[in-house]
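Here are the chains, one letter per residue:
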Amino acid sequence: EDQVTQSPEALRLQEGESSSLNCSYTVSGLRGLFWYRQDPGKGPEFLFTLYSAGEEKEKERLKATLTKKESFLHITAPKPEDSATYLCAVPISGAGSYQLTFGKGTKLSVIP
Amino acid sequence: DVKVTQSSRYLVKRTGEKVFLECVQDMDHENMFWYRQDPGLGLRLIYFSYDVKMKEKGDIPEGYSVSREKKERFSLILESASTNQTSMYLCASSLSAGPQHFGDGTRLSIL
């Protein structure tokens, strides 16, 4: 069964304190891994797609990396506005399937 | 930029009512999805559609139906609303097996 597990569930950082969020997955034949940011009361906002081990993507203070078993979202010198829940997702196994399996997210709080 | 628009941000209905949630996307995506999101349970797929007039059940279809008469519009219907359907409802669309793009959600309360 396809699974996506995110850790930690919650993370509190001081402003400027860098850290990483983890997304581990078990799926046959990875066809991409997606990272999202979700602010309270809003829908998830797409951040990155990663397709192959070793690939990296960056956006401002965020960098996503991918290995064969997990992905990391590195946050460098975070600011309070980076506070949000971060979700990762992978397409479920099966040719032609468009469904995603989502992790339950990491709630990040950045304290000034 | 992809734009997915949900018709209401907040909605309050009574038990037994028939409730319609509307979603429109402007990027000509063939796939559209309806999820509900509850604390501690994450995103759960209710229904999805990969083409006009086509629909597939997700993980929790009971008590819901959908309609897709036009490519850009996907409607979720609560046939007879119940209090356990109080939730945040999210619509998404995607092109092929690419990332899904979400609307801002409808927070639905059933009294």
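Heads up: the structure comes first, above all this text.
Residues numbered from 1 in each chain as written. Chains lettered and ligands numbered in written order. Predicted model: local features only at pLDDT ≥ 70, side-chain atom pairs only at ≥ 80, totals over all residues. Heavy atoms only, no water.

Q: Describe the overall build of chain A, and please don't skip the residues or the numbers.
A: Per the secondary structure count, chain A includes 0 helices and 11 strands. Put simply, chain A runs from its N terminus to its C terminus through helices and strands in the order β-β-β-β-β-β-β-β-β-β-β. For 112 residues, the compact-globule estimate of 2.2 N^0.38 gives 13 Å, and chain A sits close to it at 14 Å. Across its three principal axes, chain A shows a C-alpha extent of roughly 45 × 30 × 20 Å. Looking at chain A as a whole, 46% of its 112 residues qualify as buried. (Helix = DSSP H or I, 4+ residues; strand = E, 2+ residues; numbered from the N terminus. Rg over C-alpha atoms; globule rule 2.2 N^0.38 Å. Buried < 20%, exposed > 50% of the residue type's maximum accessible area, 1.4 Å probe, protein only.)

Q: For the sheet that holds strand 1 (residues 3-7) of chain A, give the residues involved together with the corresponding values.
A: Residue and element names in this part refer to chain A. Taken in spatial order, the 5 strands line up as 1-3-8-7-6 in an open sheet, and their pairing is antiparallel. Bordering the open sheet on either side are strand 1 and strand 6 (56-59), each of which pairs with just one other strand. Strand-to-strand, the axes of this sheet are offset by a mean angle of 15°, without reference to chain direction. Bridge count for strand 6 against strand 7 (residues 62-66) is 4 bridges, and the pairing is antiparallel. Its bridge partner lying in strand 7, lysine 57 is registered against alanine 64. (Pairing = 2+ DSSP bridges. Axes fitted to C-alpha atoms, helices over the stretch in contact; angles between N-to-C directions.)

Q: Report on the interface of chain A and chain B, specifying residues and quantitative values.
A: The partner chain B presents 22 residues to the 18 residues of chain A that form the contact. Summed over both partners, the interface of chain A with chain B comes to about 1,600 Å²; 61% of that surface belongs to carbon and sulfur atoms. Linking chain A with chain B are 0 salt bridges, by the criterion used here. Broken down by secondary-structure element, the contributors of at least two residues to the side of chain A that touches chain B are strand 4 (33-38), strand 5 (45-50), strand 9 (84-91) and strand 10 (100-102) of chain A. For the side of chain A that touches chain B, the element with the highest residue contribution is strand 4 of chain A, accounting for 3 residues. Residues that form the side of chain A that touches chain B fall into these classes: 9 nonpolar, 6 polar and 3 charged. (Contact = heavy atoms within 4.5 Å. Buried area = accessible area lost by both parts, 1.4 Å probe. Salt bridge = Lys/Arg side-chain N within 4 Å of Asp/Glu carboxyl O. Nonpolar A, V, L, I, M, F, W, Y, C, P; charged D, E, K, R; others polar.)

Q: Quick rundown of the sheet that holds strand 7 (residues 64-70) of chain B? Include the residues and the values.
A: Residues and elements named next belong to chain B. Read from one edge of the open sheet, 4 strands run 1-3-8-7, paired in antiparallel fashion. The open sheet terminates on both sides in strands that have one partner only, identified here as strand 1 (4-6) and strand 7. Averaged over all pairs of adjacent strands, the angle between strand axes in this sheet comes to 20°, irrespective of strand direction. As paired strands, strand 1 and strand 3 (residues 19-25) are joined by 3 bridges and run antiparallel to one another. Note on strand 3: the bridge partner recorded for glutamine 6 is cysteine 23.

Q: Pulling in residues and values, what's your account of the state of the cysteines?
A: Residues and elements named next belong to chain A. This model, assessed by the stated rule, comprises 2 disulfides over all chains. Across a sulfur-sulfur distance of 1.9 Å, cysteine 23 and cysteine 88 are joined as a disulfide pair. Looking along the S-S bond of the cysteine 23-cysteine 88 disulfide, the torsion reads about 85°, which is the right-handed sense. Residue cysteine 23 is found in strand 3 (residues 19-26), and its partner cysteine 88 is found in strand 9; the two are separated by 65 residues along the sequence. (Disulfide = S-S within 2.5 Å.)

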